[in-house]
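Architecture at a glance
Now for the letters of each chain:
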Amino acid sequence: MHTGSYINGKWFQPDSKEIIKNINPADTNDVIAEFPAAQADDAVRAIEAAKAAFPEWKRTPGPERGRVLWRAANIARARADEIAKVMTREEGKIFKEAKGEVLKGISVLEYYSGEGYRMHGKTMPSEIRDVFAYTIRRPLGVVGLISPWNFPWAIPVWKSAPALVSGNTVVFKPSGVTPATASLLAEIYEEAGMPAGVFNMVIGYGNAVGEAIVNHNDVRAISFTGSNTVGQALYVKAAGRGAKVTCEMGGKNAVIVLPDADLEKAATAIQGGAFGSTGQRCTATSRIIASPKVKDELLDRLTTKAKGMKIGSGLDETIDMGPIVSEKQWKQNLDYIEIGKKEGATLVLGGERPQHLSQGYFIAPTIFDNVNPSMRIFREEIFGPVLSVATANDLQEALNIANSVEYGLSTSIFTQDIDTIMRFVEEVEVGMIHINEPSVGGEAQLPFGGTKSTGIGEREMGEDGLNFFTEVKTVFINFSGKAKVSAIR
């Protein structure tokens, strides 16, 4: 594993006094590596390298660009356990979840490798005689990718793969919390034969590297995943200079459980959605809105399941839930738990470090009951294993409560009634809807993203992800053999 940045096909150690310490959140004595923080001039150098590499990469046939991604998928599959172990050490998720994330990224690479053969345009009839009209998609140029720590492999893959296969060149800034996994991705692209300058990675802080990427006029598009505060400010800056921008930000996802629900299925799904990945997913289940007729039984089943979870280092394959990613995030989670208590919610389970774990950023699975929808723990993103339970007497009340927050990423409903399901699909204000399954999850061929404060710009993954990194050209070919003046204005 390299511990520097990667620019123009070469690894280097930035000349910096700032050091990013990569610490295992399950064992804070375990320093995985130290990365010298790149500075703004390093980011500018990466942008210049990407700009120089763009003309040749753009001219490279799409299928050949796709073959580089296919080779990357094969290399990643051979190194899957290695990637997962590094991810578990630096991010904290259990090995099984980390391995699943690696496989998800491989699926994305495989999907977009095929898109090199399918850079679709459209043919449409012209209103003018003897004119052939069609559209083509072409790359933008240099694009900037800024990714978070919670999915340090899958998100960089699902941003970079469509950007690269469509002919763009990339400047990638990973989270400083998870630089090691990002370095493995750069290594794999290099081994797969990515030409120098096509994929560049700069590891540094947002106020230096991130700002340089966002503000540079040669960066034609920015794809960002992270907090609303950063994303909204980034959008104003980048869009203000004419760049294309997509931002995936917060979530506060609700699961609605109606009287006819299969409660065992619902409890199992909520457990995985709320406490899988230690609740550190933008699609995590953080709210339950249950019918009073089934709430108590559902809560009993869920509490029993949560109590049975084994908490500890994810490197132990018997563990069910790992630590919070960092001290800062851990303290934020504990602060929200105290807020919930002061607001008057009933703490049913958890709320503190498990007694058998003397160090590391651990919090037991936490459940609050009797939560009023106006409470902060019900409305604000906590990003940890903290679940709030409220009630609603019917579907309309449940929809009103679910839609009352500023976010709109993902949701789920548990019911057997098709009329209820279809009404829910139409009226819930989110980008991703699950029926009788957890609120988490996505697939390479399907768009990922949300509405309201969750998302700005086009969706990621699938055809939508490819469309973001391309622009449309409309072509008119006059084959009449005569000069014409168009009658269309």
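Up top you'll find the structure we're talking about.
Residues numbered from 1 in each chain as written. Predicted model: local features only at pLDDT ≥ 70, side-chain atom pairs only at ≥ 80, totals over all residues. Heavy atoms only, no water.

Turning to the sheet that holds strand 13 (residues 285-290), a few remarks are in order. Strand order in the open sheet made by the seven strands is 14-15-16-13-12-18-19, with mixed pairing throughout. In the strand order of this sheet, the two ends are held by strand 14 (346-349) and strand 19 (432-435), each with one partner. Sheet twist, expressed as the average angle between the axes of neighbouring strands with direction ignored, equals 20°. Packing of helix 13 (residues 395-402) onto the sheet brings it into contact with strand 12 (253-257), strand 13, strand 16 (386-391) and strand 18 (410-414), and relative to strand 13 it is tilted by some 155°. (Pairing = 2+ DSSP bridges. Helix = DSSP H or I, 4+ residues; strand = E, 2+ residues; numbered from the N terminus. Axes fitted to C-alpha atoms, helices over the stretch in contact; angles between N-to-C directions. Contact = heavy atoms within 4.5 Å.)

Moving on: the environment of Tyr336. With respect to the helices, strands and loops of the structure, Tyr336 is situated in helix 11 (residues 327-343). Among the residues examined, Tyr336 registers a relative accessible area of 12% and is labelled buried. Once the C-alpha coordinates of Tyr336 and Gly384 are considered, the two residues, 48 residues apart in sequence, prove to be 9.8 Å apart. When sequence neighbours within four positions are dropped, the list of residues in contact with Tyr336 reads Arg376, Ile377, Glu380, Glu381 and Ile382. (Buried < 20%, exposed > 50% of the residue type's maximum accessible area, 1.4 Å probe, protein only.)

Our next topic: the environment of His216. Structurally, His216 can be placed in the loop between helix 7 (206-215) and strand 10 (219-225). Through-space distance from the C-alpha of His216 to that of Glu48 is 10 Å; in sequence the pair is 168 residues apart. What His216 contacts, discounting residues up to four positions off in sequence, is Val44, Ile47 and Arg241.

Time to look at a nonpolar patch on the surface. Taken together, the side chains of Phe132, Ile477 and Phe479 make up a nonpolar region of the molecular surface, amounting to roughly 290 Å² of accessible area. Here Ile477 lies in strand 22 (residues 470-478). Owing to a relative accessible area of 37%, Ile477 belongs among the partly exposed residues under this scheme. (Patch = residues over 30% accessible without salt bridge, like charges linked within 9 Å, V, L, I, M, F, W, Y side chains within 5 Å. Areas by Shrake-Rupley, 256 points an atom, 1.4 Å probe, with all protein chains shown as cover. Salt bridge = Lys/Arg side-chain N within 4 Å of Asp/Glu carboxyl O.)

The next point concerns the pairing of strand 19. Burial along strand 19 is one-sided: the face carrying Met432 and His434 is buried and the face carrying Ile433 and Ile435 is not. Sheet topology note: the strand 18/strand 19 ladder contains four bridges and is parallel. Directly across from Ser410, in strand 19, lies its bridge partner Met432. With respect to chirality, the unit in which strand 18 leads through helix 14 (residues 418-427) into the neighbouring parallel strand 19 is right-handed. (Right-handed = clockwise from strand over helix to strand, strands pointing away.)

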